[in-house]
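Survey of secondary and tertiary structure
One-letter residues, chain by chain:
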Amino acid sequence: MKTLRIATRQSALALWQAEHVAARLRVLHPDLSVELVPMTTRGDRILDRPLAEIGGKGLFLKELEVAMLEHRADLAVHSFKDVPMELEPGFTIGAVLERADAADAFISNRYAHLDELPRGARVGTSSLRRQAQLRALRPDLELRDLRGNVNTRLAKLDAGDYDAIILACAGIERLGLGTRVRARLAPPDWLPAVAQGAIAIECRLGDREVLERVAGLDAAATHRCVAAERAMNLRLHGSCTVPIAGWCVETENGLALWGLVGDAANGRLVRAEAQGPLDAPQALGEHVADLLRARGADEILHPSVV
């Protein structure tokens with residue numbers, strides 16, 4: 001193998017992440033030429049409706065996976081939070097890079113913190129997870145949908161369409177826009193999306209040469225933590241239609257995982273947390289999922305059958 005081709009979305013953030021992976025691979029393998037294969041996904045094209053209405057997070061992966069199947073690309077780079085809990089057959093996660101700031105960012109041109117927003121203030125986010133936590137803290141706010149890439153969302157804020165918007169700290173900082181962040185909405189009080197802040201490298205299952213090339217980029221600690229979060233989400237059968245949040249960190253005693261299931265309509269939140277050994281992230285994730293269910297999460301996850 002002389003050239004490694006990386007499939008990526010065409011947004012500024014996706015290109016930054018793909019080039020970051022490319023640069024790391026060039027250092028790791030000086031003999032290797034690394035190229036980007038930018039493309040537009042269905043999730044990028046449909047911006048007038050929430051993701052939950054048009055098929056969910058997998059819409060950001062499909063075209064990239066087709067490129068790998070057709071051998072137009074050798075791997076794909078994703079924000080791990082955009083990757084469905086179960087990959088399509090024939091694919092695997094070859095590496096997870098060290099996680100950036102997992103917190104959400106409160107961004108406003110007039111107000112320094114969520115607490116300072118006046119009653120009825122317009123807050124932009126299409127994330128049901130963020131909406132549920134916003135309604136729990138500030139039921140008086142007017143929540144409005146907000147789609148598009150980071151720069152598009154900031155432009156809508158600057159145009160006066162919103163009094164504040166909520167984005168991921170990691171994406172803002174990777175684009176050099178960290179000064180726009182007025183306050184961090186930080187865990188464990190405010191929980192991020194599962195795997196938020198982590199970059200995943202998706203490869204064809206069984207493609208030994210590519211998997212060996214990317215293995216050196218894997219950050220074991222991050223991989224363990226996001227594995228616990230994703231196991232929790234999978235056990236809950238989470239999707240884009242239900243607000244689920246999770247955050248796992250390594251401690252001196254092992255892994256600590258916080259989980260949340262919320263209702264975006266009324267702000268009801270069900271929370272649970274637990275600790276487990278470093279070598280059993282999946283078991284920890286499943287345990288926290290079971291705790292959430294025991295505390296009433298099924299009433300939110302499956303209201304028609306409870």
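To be clear, the structure that these remarks concern was listed above.
Residues numbered from 1 in each chain as written. Predicted model: local features only at pLDDT ≥ 70, side-chain atom pairs only at ≥ 80, totals over all residues. Heavy atoms only, no water.

**Brief notes about the pattern of salt bridges**
Basically, it comes down to this: Here, a salt bridge means any side-chain nitrogen of Lys or Arg that lies within 4 Å of a carboxyl oxygen of Asp or Glu. Per the convention used, a helix needs a DSSP run of H or I reaching at least four residues, while a strand needs a run of E reaching at least two, with both numbered from the N terminus. We call a residue buried when its accessible area falls under 20% of the maximum for its residue type, exposed when it is over 50%, and partly exposed in between, using a 1.4 Å probe and counting protein chains only.
On inspection of all chains with the given rule, the structure shows 21 salt bridges. In this structure, the salt-bridge partner of Asp104 is Arg129, at a minimum N-O distance of 2.9 Å. Of this pair, Asp104 sits in strand 5 (residues 104-107) while Arg129 sits in helix 5 (residues 128-137), and the two are 25 residues apart along the sequence. Accessibility assignment for this pair places Asp104 and Arg129 in one class, buried. The partner of Arg180 in a salt bridge is Asp158, and the shortest N-O contact between them spans 2.7 Å. Of this pair, Arg180 sits in the loop between helix 7 (169-174) and strand 9 (183-185) while Asp158 is found in helix 6 (residues 150-158), placing the two residues 22 residues apart along the sequence.

**Re the sheet that holds strand 9**
Note on sheets: strands pair through backbone hydrogen bonds, and any given pair is parallel or antiparallel. Rule in force here: When DSSP finds two or more bridges between two strands, those strands count as paired. Helix axes are fitted only over the stretch in contact, all axes being lines through C-alpha atoms; the angle between N-to-C directions runs from 0 to 180 degrees. Throughout, a contact is declared for two residues whenever any of their heavy atoms are within 4.5 Å.
Strands sit in the order 7-6-8-5-9 across an open sheet of five strands; the sheet is mixed. Edge positions in the open sheet fall to strand 7 (142-144) and strand 9, since each of these has one partner strand only. Strand-to-strand twist across the sheet, computed as the mean angle between neighbouring axes with direction ignored, equals 30°. Relative to strand 8 (residues 164-168), strand 6 (residues 122-124) is paired through two bridges, and the arrangement is parallel. Note that in strand 8 the partner of Gly124 across the bridge is Ile165. Each of strand 5 and strand 8 is contacted by helix 6, which is oriented at about 165° to strand 8, the strand it contacts most.

**Structural notes on the sheet that holds strand 11 (residues 244-251)**
Pairing within the open sheet is antiparallel, and its three strands lie in the order 11-12-13. Either end of the sheet is taken by a strand with one partner, and the two such strands are strand 11 and strand 13 (269-276). This sheet shows a mean twist of 10° between the axes of neighbouring strands, independent of strand direction. Pairing of strand 11 with strand 12 (residues 254-262), which is carried by eight bridges, proceeds in the antiparallel orientation. Following the sheet pairing, Thr251 is matched in strand 12 by Gly254. Where helix 5 meets the sheet, its contacts fall on strand 11, strand 12 and strand 13, and the angle it forms with strand 13 comes to roughly 110°. Most of the contacts of helix 9 (residues 220-235) go to strand 11, to which it runs at about 145°, and overall it touches strand 11 and strand 12.

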